[in-house]
Each structure stands twice: as structure tokens, then as C-alpha cells.
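Observations on the three-dimensional arrangement
Chain residues, written in single-letter form:
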Amino acid sequence: MLKRLFGAAAVKKEAEAYPIYNELDRTRLPRHTAIIMDGNGRWAQRQGLLRTAGHKAGVDTLKRVLKTAIALDLEVLTVYAFSTENWKRPHTEVDFIMKLFSEYLDKEVREMNDDGVQIHFIGRIWELSPLLQKKIHEAEDLMKDNTGVKFIVAVNYGGQDEMTRAVQNIAKRVKDGEIDVDSINNEVIESSLDTAGLPPVDFMIRTSGDLRLSNFLLWQAAYAEFWFTDVNWPDFSPQHFMEALCDFTKRKRRFGGLKNE
Ligand code: FPP
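**Describing the side chain of Arg253**
Positionally, Arg253 belongs in the segment after α9 (238-249). By relative accessible area, which is 8% here, Arg253 ends up buried. A distance of 2.8 Å separates a polar atom in the side chain of Arg253 from the backbone oxygen of Tyr223.

**Looking at the nonpolar core**
Counting residues in hydrophobic clusters, the biggest one holds 54 residues, and the most contacted among them are Ile35, Leu77, Ile119, Phe151, Val155 and Phe241. Residue contributions to this core peak at 9 residues, all from helix α5 (residues 91-114). In this structure, Ile152, Ala154, Val201 and Ala224 belong to the second largest nonpolar core, which totals 15 residues.

**Structural notes on the site of the ligand**
Around the ligand, 19 residues are found, and the nearest of them are Asp38, Arg42, Arg51, Ala81 and Arg89. In this structure, an oxygen atom belonging to the ligand sits 3.3 Å away from a main-chain N or O atom of Gly39. Between Arg51 and the ligand, the recorded distance is 3.0 Å, taken from a side-chain N or O atom to an oxygen atom. Within the complex, 92% of the 620 Å² of free accessible area of the ligand lies under protein. Those elements that provide at least two residues to the shell around the ligand are α3 (40-46), α4 (51-71) and α5.

**Comments concerning the packing of α4 against α9**
Between α4 and α9, the shortest axis-to-axis distance is 9 Å and the interhelical angle comes to 45°. Comparing their axes, α9 and α4 come out oblique. Considering the relative orientation of α4 and α9, their crossing is right-handed. Between α4 and α9, the residues in contact are Arg64, Val65, Thr68 and Ala69 and Pro238, Phe241 and Met242, respectively. Along the lines of polarity and charge, the residues of the contact of α4 with α9 split into 5 nonpolar, 1 polar and 1 charged.

**Structural notes on the packing of α5 against helix α6 (residues 130-143)**
At a minimum axis separation of 10 Å, α5 and α6 run at an interaxial angle of 20°. Considering their axes alone, α5 and α6 lie roughly parallel with respect to each other. The handedness of the crossing between α5 and α6 comes out as left-handed. Across from Met98, Phe101, Ser102, Leu105, Asp106, Val109, Met112 and Asn113 in α5, the residues of α6 making contact are Leu132, Lys135, Ile136, Ala139, Leu142 and Met143. For the contact of α5 with α6, the class distribution of residues is 10 nonpolar, 2 polar and 2 charged.

**Things to note about the environment of Ala139**
For Ala139, the location among the structural elements is in helix α6. Classification of Ala139 by relative accessible area gives buried; the value is 3%. Counting along the chain gives 67 residues from Ala139 to Arg206, while the straight-line C-alpha distance between them is 26 Å.

What counts as what
Residues numbered from 1 in each chain as written. Predicted model: local features only at pLDDT ≥ 70, side-chain atom pairs only at ≥ 80, totals over all residues. Heavy atoms only, no water. Helix = DSSP H or I, 4+ residues; strand = E, 2+ residues; numbered from the N terminus. Buried < 20%, exposed > 50% of the residue type's maximum accessible area, 1.4 Å probe, protein only. Polar contact = N/O pair within 3.5 Å; in protein donor to acceptor, adjacent residues only side chain to side chain. Core = buried A, V, L, I, M, F, W, Y, C linked by side-chain atoms within 4.5 Å. Near = heavy atom within 4 Å. Areas by Shrake-Rupley, 256 points an atom, 1.4 Å probe, with all protein chains shown as cover. Axes fitted to C-alpha atoms, helices over the stretch in contact; angles between N-to-C directions. Parallel < 35°, antiparallel > 145°, perpendicular 65-115°, else oblique. Left-handed = near helix turned anticlockwise from the far one by under 90°. Contact = heavy atoms within 4.5 Å. Nonpolar A, V, L, I, M, F, W, Y, C, P; charged D, E, K, R; others polar.

Shown next, in the form of C-alpha cells:
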């Protein structure tokens, strides 16, 4: 407990060192922020390094961004770590990324737990290696009662796949007579998605210049505000993150209506 308090204070102090921290209207922060962490490969190749060096640097960026989320007391942070399409990459790169996830859990779980983080993985987790699955479930279990930032890691995730699975699940429940076709509504669909119980995505950040959603949180981002930056993920700093959040706090959201929120 003491460690948790000291840990949280240190994290906050670090974030406070950025002048922008004090400019942020904390009452208007997004409930759910999602990040497409793109550009690891390009970052590495531009420096004559192997793509894998970019992924390694990407892990350090993620640690800093999560610390910032903790300092700001964000409610939910979801990151796109590996898509259902990423298996098409050379197997050496895929193996390296899987090893990084495993090492990340080995090294970071204790500190995340001390920071009060509640980690959760979404996607086709059952298709990962048995060892990685074990580490994932142990981490989720260890942190399940924490009340800090909900940190959602999408691994082997695709929005279309998630929706297909949700439809299958609902169809089975209809077939088994558990629910009626006419009672299928947004709530029923939401509660069948991997993100069941989480608020919708308010703010979607994508690094490294591409302007697309890449099959990420298709349903959940229906009314998300977007922030695109040319900065590659390994160079994305707490300053960049807070600048993006600051911009979000100034936006007017209408959710299809006329009144500004
Ligand atoms: C995107 O860059 C990154 C990935 C697909 C890899 C995974 C992300 C990390 C290693 C960050 C850390 C995550 C965890 C959970 C520890 P890219 O390879 O698509 O870059 P490019 O578009 O420049 O090729």
C-alpha cells in the first residue's frame, strides 16, 4: 500500500514537470482514450536500424504514456499492440513482438500493480502461445481489483473479428431461447464485445502520419474524436500525449445532435 502511494506520487511529480500538465482542464479529459501505436518500423529504418529496434523503443514509449495516464488519472487507456492482420509480417518480426509482450509482462506487472493499474487484454488471446496466455491471465488476475487506470491491450485483435464473434454469440443466445430477436439493441451488442463494461472511445490517437482506423475498435469509436500526428510512436512523448489531450478538452462534441456538449 505504502509503495502504491509513493509510486503514484512519483508518477504525478514527473508529469507535473511538464508545463502543459497544468494547462490541462482535468474535468474535460476523455473517459476512454485509444491509441494506434504506429511507426515503430519506420522510426528504426530511418536510422538504419532493424525494425525490431523500433518495437523495442516502442515499449519504452508505452511505459511513459501509461505513466502519464496514471498521473492524469485517466479512466481507460486502450492500445493496439498487434492486429489479426499483423501475422502477415515475417515470422522473425512476429516472434520478436510476441517475445516483447512476454518480457513486458515479466518486467512491468509488479510496477503496474503498485500504480493501481487494472490490465486487461482483448482480441483472440486463446490463439497466442500457452506461456504468453498464462502470463496474460496471471497479470489480469493480479490486478483485477485495482481501481486505477484501466489499461486495455489489444493483441491479435481486429474490430471486424470482434463484431463477428459478438454476432455469433448473440445468434446462439437467440437459438437457445435466452433472448428474443426484437430485444437485440445497442446494449446487447456492446455487452457482447470484448470491451463489455467499458465506456465508448472518446478520443483516438494515431501516430506516424497514416490517416486510417485499421480495424481498431470499429463499434466503440463511433463518436470518437481523432488526433493524428506525424510523430512516430517511439518519439511520442508525454508532452505529445498531453498536447493531444489538451486539444481534446477544447473540442465541442455533438454526437449527431445540434447542441455542443
Ligand atoms: C506498429 O508499428 C507497431 C506494432 C504493430 C507492434 C507492437 C507495438 C509495440 C511493440 C509497442 C509495445 C506494446 C506492448 C504491449 C508491450 P509498425 O511496425 O506498424 O511500424 P511501421 O508502420 O513504420 O512499419
